[in-house]
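# Survey of secondary and tertiary structure
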Amino acid sequence: PPAESAWGIVVGGVGGTGVITIGQLLGMAAHLEGRGVVTQDAGGLAQKGGATWSHIQIANRQEAIFTTKVDTAKADLVIACDSIVGAAKYTLAVMQQGRTYVALNTHGTPTAAFVKNADWQFPGGHCESAIKASVGEALVGAFDAEQVAVQLVGDAIYTNPLLLGYAWQQGRVPLSHASLMRAMELNGVQIDNNKAA
């Protein structure tokens, strides 16, 4: 990031799937590098299955961060762990055409809507279109991250760390590989599998 501005990351997904953990890992990695960092979680934290967001801001100095959340149109990276949450108004609002890169999991997870409506269909294509319209097609990396996590690591629980790794490989996470790995070690949960993902 530029010397005096924050790099804004928003992770959005379904509560209970590790969205907050990704924010914590990024925060710890930034802390290990001696960077300025603010993390803030939003949404239905107590509701497994509700939309949840983690805001992470990283700067070279703490004084360069002026807000607790990534402001409107100020996200440099959105990790959309769930496409419905990724296309929600709240998430689209932090995106900016030509600025924000979106790592998008296209795997369809049904919402409560399909319980009430027998004709409900997963709006995945609409979600992807809305996100591409917000940032530009070139800034969306979309794939079925859950399927890849199952194939590579054997469990869908590693979908979110896999998306984080993908975003890092695209050069969109301004932290070193070593500090991210160390943050996973300090987190102490399924260390080898999370690192592999």
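This write-up is about the structure you can find in this document. Bear in mind the structure is a predicted one, so any value in this text is a computation, not a measurement.

## Notes on the pairing of strand S5 (residues 101-105)
Of all the 5 residues making up S5, 5 are buried; the element is thus mostly covered by neighbouring parts of the structure. Side chains Tyr101, Ala103 and Asn105 project from S5 onto one buried face, and the interleaved Val102 and Leu104 project onto a second face that is buried too. Inspection of the sheet shows strand S4 (residues 77-80) paired to S5 by 4 bridges, in the parallel sense. Counterpart to leucine 77 in the pairing with S5 is tyrosine 101. Where S5 and strand S6 (residues 140-143) come together, 4 bridges link them in parallel fashion. Within the sheet, the bridge partner assigned to valine 102 lies in S6 and is valine 140.

## Looking at the packing of aromatic side chains
With the rule as written, the count across this model stands at 2 aromatic pairs. Aromatic pair tryptophan 53 and tyrosine 90: ring centres 4.3 Å apart, planes at 45°, arrangement tilted. Taken together, the residues span a long stretch of sequence, with tryptophan 53 in strand S3 (residues 51-59) and tyrosine 90 in helix H3 (residues 89-94) at a distance of 37 residues. Residue class for tyrosine 90 comes out partly exposed when judged on its relative accessible area of 33%.

## Quick word on a nonpolar patch on the surface
A grouping of Met28, Leu32 and Leu186 is seen on the molecular surface, where their side chains present a nonpolar patch of about 240 Å² in accessible area. Exposure remark for leucine 32: the relative accessible area of 40% places this residue in the partly exposed category.

## Topic: the nonpolar core
Leu26 and Val102 are the most contacted members of the largest nonpolar core, which has 52 residues in total. Tallying contributions element by element places helix H1 (residues 19-32) first for this core, with 6 residues. In contact with leucine 26, not counting residues within four places along its chain, are Ile9, Ile56, Leu164, Val173, Leu175 and Leu180. The next biggest cluster of nonpolar side chains, apart from the first, holds 5 residues, and it includes Ala6, Ala59, Ala64 and Ile65.

Rules behind the numbers
Residues numbered from 1 in each chain as written. Predicted model: local features only at pLDDT ≥ 70, side-chain atom pairs only at ≥ 80, totals over all residues. Heavy atoms only, no water. Buried < 20%, exposed > 50% of the residue type's maximum accessible area, 1.4 Å probe, protein only. Helix = DSSP H or I, 4+ residues; strand = E, 2+ residues; numbered from the N terminus. Pairing = 2+ DSSP bridges. Phe/Tyr/Trp six-rings, centres within 6.5 Å; stacked < 30°, edge-to-face > 60°. Patch = residues over 30% accessible without salt bridge, like charges linked within 9 Å, V, L, I, M, F, W, Y side chains within 5 Å. Areas by Shrake-Rupley, 256 points an atom, 1.4 Å probe, with all protein chains shown as cover. Salt bridge = Lys/Arg side-chain N within 4 Å of Asp/Glu carboxyl O. Core = buried A, V, L, I, M, F, W, Y, C linked by side-chain atoms within 4.5 Å. Contact = heavy atoms within 4.5 Å.

Treat this as a map of the structure, not an account of what it does.
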